[in-house]
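This is what each chain is made of:
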Protein chains: 2
Amino acid sequence: MPPIGTPHTVRAFDAELDALNQKIARMGGMAETQLGDAVQALVTADLALADQVIKGDDAVDTTEDSVNEMVVRMLALRQPMADDLRVVMSSLKVAGALERVADHAAGIAHRVHTLKHHAPVPAVKSVGRLGALVLELLKDSLDGYSNRDTERAIRVWERDEEVDALYSSLFRELLTYMMEDPRNIAPCSHLLFVAKNLERIGDHATTVAEVTHFIATGKRLGRGRPKGDTTASFDMPESN
Amino acid sequence: MPPIGTPHTVRAFDAELDALNQKIARMGGMAETQLGDAVQALVTADLALADQVIKGDDAVDTTEDSVNEMVVRMLALRQPMADDLRVVMSSLKVAGALERVADHAAGIAHRVHTLKHHAPVPAVKSVGRLGALVLELLKDSLDGYSNRDTERAIRVWERDEEVDALYSSLFRELLTYMMEDPRNIAPCSHLLFVAKNLERIGDHATTVAEVTHFIATGKRLGRGRPKGDTTASFDMPESN
């Protein structure tokens, strides 16, 4: 029941918050579809699907703009405090992460076109596996956010380590192909970037999980876990 | 002179806006230094300087957080409208772009460490040239933003094309080195990512220029110019 004295304002705020959450959920669905389609376009070398992903990116950008506008309006008109403010501001962060997920998906779709000009390389399958893992984590992070499910958020956050490990082994695998045959160098260079796009999407899923944990508990998930691209900081044996 | 009736509120808003602009200017200086140091660390293989860049990234993140908090407070307390709202909201976008610039600079610094494990490759110099160009554009974009200089903003926006062209030729150059000698494959793969980091920083400088133009004129810079990484969408001759 709304507090006595401000029932109208409170109800208006709740209705706006519902609309905001629905907009974010829709944006999550769009980003998820974009990623799934991009990975499928890559694995099946489907140019039409890749084009669909490239065109679809605008709709995600527009949705982010509209989330931002909703947030500004709510801050100015409702002046939310404490928990409400936390939820409203978290929407900006989640929308920003989803916009970047879709951006990376479009990046992958562009590479599908470039790869068409090269001989097929078997490493595409391994990249597809990384794509499947990252898609799963993105879905889980979005479910966790919708349901304010802290347990699920923590699991996503922990599993980002798997993404990093798979990315590192993929990086080595791609370099091996390049060393085996110079004709693999150009296509595998593009796959290196695709793998990097996927690794970054994993980071954005982690961000969504961190936001979920923060709005549910008010506490930030610790930074005690190795994160991100480890290929840039450890020795890469030249013969491997 | 402040409008009659609300001089106190107006002055408070102006003071807060000054503080916000100063914070953004400081953050711009930090991002510029981080980028300059990262490029220098790369070209001179200076591990100590690279470490400094890696450590310095936290300060940029913290500054972004504090920009975000200032903006939320201003929106809730002052409820700015029209031009004021545009300036306040633009700060979020500029701070976000600068945070990502610093992130990419830290990414470059990590690669300086990895490259130490490999034989030196001459292509580092070409990457340094791209770094110098991007640093110049970042500086110009920040000067343009501080002074609300639309002319300068348009020049930065136009010159991002140079970044894209230099990036594309660098991409080809790196692939050539990799084809010449398999021992170049690992170090040049890392340089591909460094080049990509720099190309993205160019995009963020362009974002700052676009924001400058938007708050000065209320109009968005058109999208009629080819933008971004063209290596992903055109044919890459395998022999080149």
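Residues numbered from 1 in each chain as written. Chains lettered and ligands numbered in written order. Predicted model: local features only at pLDDT ≥ 70, side-chain atom pairs only at ≥ 80, totals over all residues. Heavy atoms only, no water.

**With respect to the overall build of chain A**
Line of reasoning, step 1. The number of helices and strands found in chain A is six helices and zero strands.
Line of reasoning, step 2. For chain A, the sequential pattern of α-helices and β-strands runs α-α-α-α-α-α.
Line of reasoning, step 3. Within chain A, buried positions represent 51% of all 240 residues.
Line of reasoning, step 4. Total accessible area on chain A is roughly 10700 Å²; 52% of this is exposed by carbon and sulfur atoms. (Helix = DSSP H or I, 4+ residues; strand = E, 2+ residues; numbered from the N terminus. Buried < 20%, exposed > 50% of the residue type's maximum accessible area, 1.4 Å probe, protein only. Areas by Shrake-Rupley, 256 points an atom, 1.4 Å probe, with all protein chains shown as cover.)

**Let's talk about the interface of chain B and chain A**
Line of reasoning, step 1. Facing 38 residues of chain B, the contacting portion of chain A comprises 37 residues.
Line of reasoning, step 2. Counting each side, the surface lost to burial between chain B and chain A is near 3300 Å², with a carbon and sulfur contribution of 64%.
Line of reasoning, step 3. Counting across the interface, chain B meets chain A through zero salt bridges.
Line of reasoning, step 4. Our count for the contact surface shared by chain B and chain A stands at zero residue pairs in polar contact (both at pLDDT 80 or more).
Line of reasoning, step 5. Listing elements by their share of the side of chain B that touches chain A, those giving two or more residues are helix H2 (47-78), helix H3 (82-115), helix H5 (150-180) and helix H6 (185-217) of chain B. (Contact = heavy atoms within 4.5 Å. Buried area = accessible area lost by both parts, 1.4 Å probe. Salt bridge = Lys/Arg side-chain N within 4 Å of Asp/Glu carboxyl O. Polar contact = N/O pair within 3.5 Å; in protein donor to acceptor, adjacent residues only side chain to side chain.)

**Things to note about the environment of B:Gly202**
Residue and element names in this part refer to chain B.
Line of reasoning, step 1. Of note, Gly202 is situated in helix H6.
Line of reasoning, step 2. Note: C-alpha distance between Gly202 and Leu137 (65 residues apart in sequence) is 7.0 Å.
Line of reasoning, step 3. In this structure, Gly202 is in contact with Val134 and Asp160, ignoring residues within four places of it in sequence.

**Looking at the environment of A:Ala209**
Residues and elements named next belong to chain A.
Line of reasoning, step 1. Checked against the element boundaries, Ala209 lands in helix H6 (residues 185-217).
Line of reasoning, step 2. Given a relative accessible area of 0%, Ala209 falls into the buried group.
Line of reasoning, step 3. The spatial distance from the C-alpha of Ala209 to the C-alpha of Arg148 is 9.5 Å, given a sequence separation of 61 residues.
Line of reasoning, step 4. For Ala209, the residues in contact, after removing those within four places along its chain, are Ser141, Ala153, Val156, Trp157 and Leu221.

**Looking at the relation of the copies chain B and chain A**
Line of reasoning, step 1. In screw terms, the move from chain B to chain A is a rotation of 180° and a rise of 0.0 Å along the axis, fitting with an RMSD of 0.0 Å. The superposition of one copy onto the other is thereby described by a two-fold rotation axis. Closest approach to the rotation axis among the C-alpha atoms of chain B is made by B:Ala76, whose C-alpha sits 2.6 Å away.
Line of reasoning, step 2. Both copies contact each other with a shared surface, as 97% of the interface residues of chain B are interface residues in chain A too. (Least-squares fit on C-alpha atoms with pLDDT ≥ 70 in both.)

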